[in-house]
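Structural characterization, general
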Amino acid sequence: MNQVISGLSSMATRPLLAELSERIRLVHGLCLRFEAVGGVEVARRVREGAEADLLVLADGAMTALEQEGHLAAGTVRPLWISQVVAAVPAGSPVPELASESGLRAALEAAQRIAYSTGPSGTALVELIGRLGLAGALADRLVQAPPGVPAGSLLSSGRADLAFQQHSELMDLPGVVVAGPLPGDTAISSTFSGGVLASASRPGPALEVLDFLGSAAGSEIARTRGMRASRRPPFVADDGGVRHGGRGRGFLGGRERQTG
């Protein structure tokens, strides 16, 4: 099959989408290509008319783009949930994060704290404020540039503590994941997928979306530091495009979630 389905995503889902794209190529013979950049940059491109079939971003960004008419009605669905974790440079003492007091101690001990752009970074800054540490840590916070993993600031020596999505930190060389944030301080992001309103291949793109949310896709997501998000059932719209369920799409109904 020669057709190519193109997609845009943020960096947090890049390793996962690369593995899922390869799985779809090997099992179903379809070429699926995702370009991953910072989530803010992806949203800007979409608003400026970027050409693609599929979009995978944090839920808040997807909701905004759907409301603005950039996504095909009824196609947006939650796919995976990712936790924000803390990490340190390899060889450094690993902080104990089983309690809020442990997290507070790690923050207060750090000289430079790296965090990402996008929703998870915003949530971290808000958390620091809730912990009453905004003033004390203001000069120690280092925001990674869009599309650059916060963990890379650890390996380069520009930070000694970093917070980012688990999927972005788990495979970085020179970085040790300390663990998720404890209790009420936990931060998680839901990543959703949808078909762009301007998609040139909306039917096949929706079939791919079905696979991303399938049991097989969810198992691959688990190995990449995410967990599946439950999705509602979908029905056919007036244009005959299937929103979930089984049918005679290019995936042939294999390895699909029934919704």
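Everything that follows concerns the structure shown earlier in this document.
Presented here is a report on the structure given in the accompanying data block. Note that the structure is a prediction, hence the values are computed from the model and not measured.

We now examine the pattern of salt bridges. When charged atoms on two side chains of opposite charge get close, those side chains can pair. Per the counting criterion, the structure on display carries 12 salt bridges. Its salt-bridge partner being Arg-44, residue Glu-41 comes within 2.5 Å of it at the nearest N-O pair. In this pair, Glu-41 and Arg-44 are both assigned in helix H2 (residues 39–47), 3 residues apart and thus about one turn of the helix distant. Among the residues examined, Glu-41 registers a relative accessible area of 26% and is labelled partly exposed. When its relative accessible area of 35% is taken as the criterion, Arg-44 is described as partly exposed. Between Arg-104 and Glu-100 there is a salt bridge, and its shortest N-O distance comes to 3.9 Å. Residue Arg-104 and its partner Glu-100 are located together in helix H4 (residues 100–109), separated by 4 residues, close to a single helical turn. On the accessibility criterion, Arg-104 (26% relative accessible area) is partly exposed.

This next bit is on the environment of Leu-54. Within the secondary structure layout, Leu-54 lies in strand S3 (residues 54–58). For the pair formed by Leu-54 and Leu-71, sequence separation is 17 residues and the distance between their alpha carbons is 9.0 Å. In this structure Leu-54 touches Ile-5, Ser-6, Gly-7, Leu-8, Leu-32, Phe-34, Gly-194, Val-195, Leu-196, Ala-205, Val-208 and Leu-209, once residues within four positions along its chain are discounted.

With that out of the way, let us pick up the pairing of strand S7 (residues 161–165). Burial analysis of S7 places 5 of its 5 residues in the buried class, which makes it a mostly covered element. Pairing of strand S4 (residues 77–89) with S7 involves 4 bridges; the strand directions are antiparallel. Paired with Ala-87 across the strands is Ala-162, a residue of S7. Sheet topology places strand S5 (residues 113–115) next to S7; 3 bridges connect them, and they run parallel. Opposite Ala-114, over in S7, you have Ala-162 as the bridge partner.

As a further point, take the environment of Phe-34. Along the polypeptide, Phe-34 turns up in strand S2 (residues 31–36). Once the C-alpha coordinates of Phe-34 and Val-56 are considered, the two residues, 22 residues apart in sequence, prove to be 9.3 Å apart. Leave out the neighbours within four places in its chain, and Phe-34 touches Gly-7, Leu-8, Ser-9, Leu-17, Ser-21, Leu-54 and Val-56.

With 27 residues, the main nonpolar core has Leu-20, Leu-54, Trp-80 and Leu-212 as its most contacted residues. Secondary-structure elements contributing two or more residues to this core are helix H1 (14–28), S2, S3, S4, strand S9 (188–195), helix H9 (202–212) and helix H10 (215–223). Those residues in contact with Leu-212, other than ones at most four positions away along the chain, are Leu-17, Leu-20, Val-56, Leu-79, Trp-80, Gly-217 and Ser-218. Core analysis: the second largest hydrophobic core is formed by 21 residues, Val-88, Ala-110, Ile-128 and Phe-163 among them.

The next subject is the side chain of Ser-229. As for its placement among the helices and strands, Ser-229 is situated in the segment after strand S10 (226–228). Using a relative accessible area of 15% as the deciding quantity, one classes Ser-229 as buried. For Ser-229, the residues in contact, after removing those within four places along its chain, are Pro-78, Leu-79, Trp-80, Ile-81 and Thr-190.

This part takes up the packing of H1 against H9. Between H1 and H9, the least distance of the axes is 11 Å, while the angle of their chain directions is 110°. On the basis of their axis angle, the class for H1 and H9 is roughly perpendicular. Note that H1 runs across H9; the crossing there is right-handed. Facing H1, whose interface residues are Leu-17, Leu-20, Arg-23, Ile-24 and His-28, H9 presents Val-208, Phe-211 and Leu-212. Looking at side-chain class alone, the contact of H1 with H9 contains 6 nonpolar, 1 polar and 1 charged residues.

Definitions and cut-offs
- Residues numbered from 1 in each chain as written.
- Predicted model: local features only at pLDDT ≥ 70, side-chain atom pairs only at ≥ 80, totals over all residues.
- Heavy atoms only, no water.
- Salt bridge = Lys/Arg side-chain N within 4 Å of Asp/Glu carboxyl O.
- Helix = DSSP H or I, 4+ residues; strand = E, 2+ residues; numbered from the N terminus.
- Buried < 20%, exposed > 50% of the residue type's maximum accessible area, 1.4 Å probe, protein only.
- Contact = heavy atoms within 4.5 Å.
- Pairing = 2+ DSSP bridges.
- Core = buried A, V, L, I, M, F, W, Y, C linked by side-chain atoms within 4.5 Å.
- Axes fitted to C-alpha atoms, helices over the stretch in contact; angles between N-to-C directions.
- Parallel < 35°, antiparallel > 145°, perpendicular 65-115°, else oblique.
- Left-handed = near helix turned anticlockwise from the far one by under 90°.
- Nonpolar A, V, L, I, M, F, W, Y, C, P; charged D, E, K, R; others polar.

Remember, this is a structural readout, not a statement about activity or role.
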